[in-house]
Amino acid sequence: MSARGSLRRHRFIGPAVSLSAAVALAATLSACSGDEQPKKAYTVPASLCGIPVDPALVKAALPGGDSLTTATEKPNGGTVRCNLSVDGKQALSLAQAWWTQGQTTATVSQGYSGTDDGTVSEDLRFVHTGKAGVGKTVSSCKISRQPEQDLYTVVQTRDTGIDDPEAIEKLLTAYTKAVEGSAACREPAAGS
């Protein structure tokens, strides 16, 4: 009988020990996977690939990490892309792209991943989600080497876990205004 009593006691102690271990493991895992984001130890320059942008707006759309690098890419005659990488992994892309006149921002946004079911601004110039956005520059942004085309701006995160509609909207709007005031929207000076 004492063996049986001992056996019963182990049955009750066993699950209690397992339950304690499970609670301890869950507490450890939740501490490791808490809501705290990795620190953004890098500095964002005030100009990205020749376009001045508020570093705080850019940083809000980037993941945590130690180092930030930028690289300019020109995949075709009408697109200039500024790729930002954090710790060697591409994290964000800011682009300027010429599209045939008569397109809507909603139509152009379909050409860029992450913009599906995006919020459209009241003036119809911007479409954005928490991961990407497309903006149309003002109608006065015209240059002769891109005839019958309109200039659009694009902001896209790259598999970083960023999903922040407010941050993307603010960055997209600021980037579009900066592009409108840049050489991208002006004819080159004679002799350039």
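This text gives an overview of the structure that appears in the document. (Residues numbered from 1 in each chain as written. Predicted model: local features only at pLDDT ≥ 70, side-chain atom pairs only at ≥ 80, totals over all residues. Heavy atoms only, no water.)

**Quick word on the overall build of the chain**
Of regular secondary structure, the chain possesses four helices and nine strands. Expressed as a percentage of its 192 residues, the buried residues of the chain come to 34%. The contacts in the chain between residues at least 6 apart in sequence include a share of 53% that link residues at least 24 apart. (Helix = DSSP H or I, 4+ residues; strand = E, 2+ residues; numbered from the N terminus. Buried < 20%, exposed > 50% of the residue type's maximum accessible area, 1.4 Å probe, protein only. Contact = heavy atoms within 4.5 Å.)

**Some details on the state of the cysteines**
One pass over the structure, following the stated rule, counts two disulfides. Sulfur-sulfur distance for the disulfide between cysteine 141 and cysteine 185 comes to 1.8 Å. For the disulfide bridge between cysteine 141 and cysteine 185, the dihedral angle about the S-S bond is near -85°, and by the sign convention the bridge is left-handed. Remark: cysteine 185 occurs in the segment after helix 4 (165-180) and cysteine 141 occurs in the loop between strand 8 (132-136) and strand 9 (149-157); sequence separation between them is 44 residues. Cysteine 185 matches cysteine 141 in its accessibility class, with the two residues each being buried. (Disulfide = S-S within 2.5 Å.)

**Concerning the environment of leucine 68**
Secondary-structure assignment places leucine 68 in strand 3 (residues 68-76). Residues leucine 68 and lysine 40, 28 residues apart in the sequence, show an inter-C-alpha distance of 9.5 Å. With residues near it in sequence (within four places) discarded, leucine 68 still touches Tyr42, Thr43, Val44, Pro45, Leu62, Leu84, Ser85 and Val86.

**Observations regarding the side chain of glutamine 149**
Tracing the backbone through its elements, the reader meets glutamine 149 in strand 9. Those residues in contact with glutamine 149 that sit more than four places away from it in its chain are Trp98, Trp99, Thr100, Gln101 and Lys142.

**Structural notes on the pattern of salt bridges**
Tallied over the full model, the rule gives five salt bridges. For lysine 136, the salt bridge goes to aspartate 150, with nearest N and O atoms at 3.6 Å. Pair noted here: lysine 136 is in strand 8 and aspartate 150 is in strand 9, with a separation of 14 residues, a long-range link. Since its relative accessible area comes to 23%, lysine 136 is described here as partly exposed. One network of salt bridges, with partners in common, ties together Lys136, Lys142 and Asp150. (Salt bridge = Lys/Arg side-chain N within 4 Å of Asp/Glu carboxyl O.)

**Structural notes on the pairing of strand 4 (residues 79-86)**
Burial within strand 4 is extensive, with six of its eight residues counted as buried. Taking the residues between adjacent antiparallel strands as the criterion, strand 3 and strand 4 are bridged by two residues. In this structure, strand 4 lies alongside strand 5 (residues 89-100), joined through eight bridges in antiparallel fashion. Residue pairing across strands places serine 85 opposite glutamine 90, the latter belonging to strand 5. Linking two consecutive strands that pair antiparallel, namely strand 4 and strand 5, is a turn of two residues; a positive phi of about 50° is found at aspartate 87 within it. (Pairing = 2+ DSSP bridges.)

**Topic: the sheet that holds strand 7 (residues 126-128)**
Spatially, 3-4-5-9-8-7-6 is the arrangement adopted by the seven strands of the open sheet, whose pairing is antiparallel. Of all the strands in the sheet, just strand 3 and strand 6 (119-120) have a single pairing partner and so form its edges.

**Observations concerning the nonpolar core**
In this structure, Val58, Leu62, Leu84, Leu92, Leu94 and Leu171 are the most contacted members of the largest nonpolar core, which totals 29 residues. For this core, the elements supplying multiple residues, two or more each, are strand 4, strand 5, strand 9 and helix 4. Excluding residues within four positions of it along the chain, leucine 92 makes contact with Val58, Ala61, Leu62, Cys82, Asn83, Leu84, Val155, Gln156, Thr157, Arg158 and Leu171. Formed by seven residues, the second largest nonpolar core is a distinct cluster that contains Val108, Val134, Tyr152 and Val154. (Core = buried A, V, L, I, M, F, W, Y, C linked by side-chain atoms within 4.5 Å.)

**A few points about unusual backbone geometry**
Of note in this structure, cysteine 49 is not a glycine but carries a positive phi near 55°. The residue cysteine 49 is located in the loop between strand 1 (47-48) and strand 2 (51-52) in this model. Its identity as a non-glycine residue notwithstanding, aspartate 159 has a phi of 45°, on the positive side. Along the chain, the position of aspartate 159 falls in the loop between strand 9 and helix 4.

Take it as geometry only, folks, not as evidence of what the structure does.
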